[in-house]
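Structural overview for review
Listed here are the chains, written in short residue letters.
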Amino acid sequence: MFVFQVRRVAAAGSLVLALGLLTACGGSSDAASSSSTSPSPSSSSASSSSASSSAAGDSGSAAGQAQTLTVTEVGFDIRLQSSDLPAGDYTITVKNEGDATHDLVVEQDGKDVAKSDTLGPGDSATFTVTLKPGQYVFYCSIGNHRAMGMETDVTVS
Ligand SMILES: [Cu+2]
């Protein structure tokens, strides 16, 4: 009976040694803290759990994929493929295929949230905007173009 207990202690000791070797292999930066002689087994297990959490590393940012949208301005009309868009990050390309100078402004609840450069006839430009669920208006801010009909409602959901 006594011999059996001694063997169990020896086995436990070798297990601790093996775990120590594994820890040393896993994170060399924590070798100093794991090799420190701590008298109580509870504190040693706490240090090993902190070592494993530090090994998780940074997960990075899950950047959403930007969607592309093309808006064409012809005459005093603003045309886009769909006036119902899913929310997300957008890269909007504006093409001025008319004979006048135009731009494109993205307005939400009466506030401009994004704007393209001013485009001469035949020019195009790209800008980015994050569209959240809500009601938007895409319009041209040049002169009185908006009053002439250069605006279109867009629903983002
Ligand atoms: Cu215009």
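What you see is a predicted model, and the numbers here were worked out from it, not measured in a lab. (Residues numbered from 1 in each chain as written. Predicted model: local features only at pLDDT ≥ 70, side-chain atom pairs only at ≥ 80, totals over all residues. Heavy atoms only, no water.)

Phi at Asp109 takes a positive value of approximately 50°, unusual for a residue other than glycine. When you line up the elements, Asp109 lands in the loop between strand 5 (105–108) and strand 6 (111–115). With a relative accessible area of 66%, Asp109 lands in the exposed category. (Helix = DSSP H or I, 4+ residues; strand = E, 2+ residues; numbered from the N terminus. Buried < 20%, exposed > 50% of the residue type's maximum accessible area, 1.4 Å probe, protein only.)

So, on to the coordination of the copper ion. Protein coordination at the copper ion: the donors are His102 (ND1), Cys140 (SG) and His145 (ND1), at 1.9 to 2.1 Å from the metal. In terms of primary sequence, the donors binding the copper ion are separated according to H-x37-C-x4-H. Taken together, the residues span a long stretch of sequence, with His102 in the loop between strand 4 (88–96) and strand 5 and Cys140 in the loop between strand 8 (134–139) and strand 9 (151–156) at a distance of 38 residues. With relative accessibility at 1%, the residue Cys140 sits in the buried group. (Donors = N, O, S within 2.8 Å, 3.2 Å for Na, K, Ca; no water.)

What follows deals with the side chain of His145. With respect to the helices and strands, His145 occurs in the loop between strand 8 and strand 9. In contact with His145, not counting residues within four places along its chain, are Phe76, Ala100, Thr101, His102, Cys140 and Met150. (Contact = heavy atoms within 4.5 Å.)

Another point: the pattern of salt bridges. Under the definition given, this model contains four salt bridges. Asp77 is paired through a salt bridge with Arg79; the nearest N and O atoms lie 3.2 Å apart. Residue classification places Arg79 among the partly exposed positions, given a relative accessible area of 47%. Here Asp103 ties to Lys115 by a salt bridge, and the two come within 2.9 Å at their closest N and O atoms. Placement of Asp103 in the loop between strand 4 and strand 5 and of Lys115 in strand 6 is noted, with a sequence separation of twelve residues between them. Classification of Lys115 by relative accessible area gives partly exposed; the value is 45%. Connected via shared salt-bridge partners are Glu107, Arg146 and Glu151. (Salt bridge = Lys/Arg side-chain N within 4 Å of Asp/Glu carboxyl O.)

Moving on, we get to the sheet that holds strand 5. In spatial order, the strands read 3-9-8-5-6; together these five strands make up an open sheet with mixed pairing. Both edges of this open sheet fall to strand 3 (84–85) and strand 6, since each of them pairs with a single strand only. Direction of pairing for strand 8 relative to strand 9: antiparallel, over a ladder of six bridges. Bridging across to strand 9, Tyr136 finds its partner in Val154. (Pairing = 2+ DSSP bridges.)

Spatial strand order, 2-1-4-7: four strands in an open sheet with mixed pairing. A strand with exactly one partner marks an edge of an open sheet, and here the two such strands are strand 2 (77–80) and strand 7 (124–131). Direction aside, the axes of adjacent strands within the sheet are offset by 25° on average. Pairing of strand 4 with strand 7, which is carried by eight bridges, proceeds in the antiparallel orientation. In the strand pairing of strand 7, Tyr90 is matched with Val129. (Axes fitted to C-alpha atoms, helices over the stretch in contact; angles between N-to-C directions.)

Attention shifts here to the nonpolar core. Formed by 22 residues in total, the largest nonpolar core has its most connected members in Leu69, Val71, Ile92, Leu104, Val106, Leu131 and Phe138. At the level of elements, strand 1 (67–74), strand 2, strand 4, strand 7, strand 8 and strand 9 are the ones that each hand at least two residues to this core. Broken down by element, this core gets its largest block of residues, four residues, from strand 7. (Core = buried A, V, L, I, M, F, W, Y, C linked by side-chain atoms within 4.5 Å.)

This part is about the confidence of the model for the chain. Model confidence for the chain is summarised by a mean pLDDT of 75, while 59% of its residues fall at 70 or above. The model gives residues 9–38 a pLDDT under 50, and that stretch makes five contacts with residues more than four places away or in other chains. (pLDDT = per-residue confidence, 0-100.)

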